[in-house]
Amino acid sequence: MNMMDYIREQPDVFARALANRASLAAPFVELFRAVEPDRLYIVASGTSRNASATAAPFMSQVLGMDVTVSAPSRLYAVYGQRPLMIYVSQGGNSTNTIAAMERFAAIPSLAMTGDRGRICDLCQHYTAIPCGPETVGPKTKGYTMTILGLYLLALETARATGRLSEADYETYMSTLTAAGQAMTVNVESTVAWQKGNDEAQRGLKAAYLVGKGQALRIAQEGALKLQETLLIPTAAFDFEEFLHGPTSSIKPDVAGFYLVPPEGDPDRRRMLDLMAYHRSVCPHVYTLGGPDAADPRDCTLQVTGQWYTQPFEYILPMQVASAAVSAELGIENVSFATFHKLDMLLNIKFKGADGETEYVQPGTH
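Residues numbered from 1 in each chain as written. Predicted model: local features only at pLDDT ≥ 70, side-chain atom pairs only at ≥ 80, totals over all residues. Heavy atoms only, no water.

**Some details on the nonpolar core**
Side chains that are nonpolar tend, in soluble globular proteins, to be buried together.
Consideration 1: Of all hydrophobic cores here, the largest spans 83 residues; its most connected members are Ile86 and Leu155.
Consideration 2: Top element by residues in this core is helix α6 (residues 141-160). It accounts for 11 residues.
Consideration 3: Setting aside anything within four residues of it in sequence, one finds Ile86 in contact with Phe28, Leu40, Tyr41, Ile42, Val43, Met59, Leu110, Met112, Leu150 and Leu153.
Consideration 4: By size, the runner-up hydrophobic cluster in this structure holds 15 residues, among which are Phe239, Met271, Leu272 and Met275. (Core = buried A, V, L, I, M, F, W, Y, C linked by side-chain atoms within 4.5 Å. Buried < 20%, exposed > 50% of the residue type's maximum accessible area, 1.4 Å probe, protein only. Helix = DSSP H or I, 4+ residues; strand = E, 2+ residues; numbered from the N terminus. Contact = heavy atoms within 4.5 Å.)

What follows is the structure, given as structure tokens:
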């Protein structure tokens, strides 16, 4: 299995997660009722942190409470009378997350992992990231399913505790179902878009990703995907902040990915104007979710129009470009080899009794 295989699996695992939402969320619903938290913390690193940061605004809206996301290394203190922790790690063995769990062991917590690693041993409560196995290093379906999984924890808990009306619950579920159903078409249209831009994307040297609101959080994951697969420098910017200085560094070898706001957003026209300027400097500038694809660089997607489904829509072009281009350049295993060396040096992942982390070479399963 390779990255593209896992990208294509996303519509199916999305549908299964929706179908199994009650059992998936049950451990969190039980814990939430017991603790009655006044503040929720989600602790994660890398793609898991990006996914958690993307899910947090929706969780806060549905649960009606503050949801704080932190990298383990930045979690200096926990506040609130009755805080509750969620530790997210797809592999289940991140040593910095384990250190945070040990530091805040007295606080009630839930582990959310794809693989039942060391993190699960340190929590009394557990639920799965509903993605199934993903043996390659750069995660794709793990990202989208972490977001969906956290959404479902919030929805089922809010419904069970009376924080969300049945009508609102059904509206959210209907919209998420529509987003999942659109993923099949969106994956294939994104693959076609990437093929049309393949030659240019194989030559990318650096890239800026620009978004607003939820799209900024998606851009941050997109930047990480391009970094760890194409091995190029990338940066993600909030649209308005991008206008205050960083635009000065636009030059012919800096590509752009613009996550365009929906119709009706006051910044949509402004972002498209900025994108046009960027294209006048560098031809390798792409829009996601923008106008119909009159220009082959524009990736048109089927969208629900709701901000909270954007992660299942806008991330696909960066995922597909990362998978396809790295494979064509023959560098899809380079980041894996580098990470393995650094893990042996810096102890990034928890080692078992034999002192070894279990690694799977990308593309071998």
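Structure's up, so let's keep going.
**So, the confidence of the model for the protein chain**
Consideration 1: On average, residues of the protein chain score 91 in pLDDT, and 92% of them are at 70 or above.
Consideration 2: A low-confidence stretch, residues 353-365 (pLDDT under 50), is modelled with 25 contacts involving residues beyond four sequence positions or located in other chains. (pLDDT = per-residue confidence, 0-100.)

**Structural notes on the pairing of strand β9 (residues 285-288)**
Consideration 1: Taking every second residue as pointing to the same face, both faces of β9 are buried, with Val285 and Thr287 on one and Tyr286 and Leu288 on the other.
Consideration 2: Pairing of strand β8 (residues 255-259) with β9 involves four bridges; the strand directions are parallel. Following the sheet pairing, Tyr258 is matched in β9 by Thr287.
Consideration 3: With respect to chirality, the unit in which β8 leads through helix α11 (residues 268-281) into the neighbouring parallel β9 is right-handed.
Consideration 4: Pairing analysis gives two bridges linking β9 to strand β10 (residues 298-299), with the strands arranged parallel. (Pairing = 2+ DSSP bridges. Right-handed = clockwise from strand over helix to strand, strands pointing away.)

**Quick word on the sheet that holds strand β5 (residues 125-128)**
Note on sheets: strands pair through backbone hydrogen bonds, and any given pair is parallel or antiparallel.
Consideration 1: Ordered in space as β2-β1-β3-β4-β5, the five strands form an open sheet in which the pairing is parallel. The sheet is open, and its two edges are formed by β2 (67-70) and β5, each paired on a single side. Between one strand and the next, the sheet's axes are offset by a mean angle of 20 degrees, whatever the strand orientation.
Consideration 2: With five bridges connecting them, strand β1 (residues 39-43) and strand β3 (residues 83-89) associate as parallel partners. (Axes fitted to C-alpha atoms, helices over the stretch in contact; angles between N-to-C directions.)

**Quick notes on the pattern of salt bridges**
Consideration 1: Enumeration over the complete set of coordinates arrives at 19 salt bridges.
Consideration 2: A salt bridge links Lys212 to Asp267, with the nearest nitrogen and oxygen atoms 2.9 Å apart. Of the two residues, Lys212 is situated in the loop between β6 (207-211) and α9 (214-230) and Asp267 in the loop between β8 and α11; the sequence distance between them amounts to 55 residues.
Consideration 3: Residue Lys212 is classed as partly exposed on the basis of its relative accessible area of 29%.
Consideration 4: As a salt-bridge pair, Asp267 and Arg270 come within 2.8 Å of each other at their nearest N and O atoms.
Consideration 5: With a relative accessible area of 13%, Asp267 lands in the buried category.
Consideration 6: Within the structure, one salt-bridge network assembled from shared partners comprises Lys212, Glu240, Asp265, Asp267 and Arg270. (Salt bridge = Lys/Arg side-chain N within 4 Å of Asp/Glu carboxyl O.)

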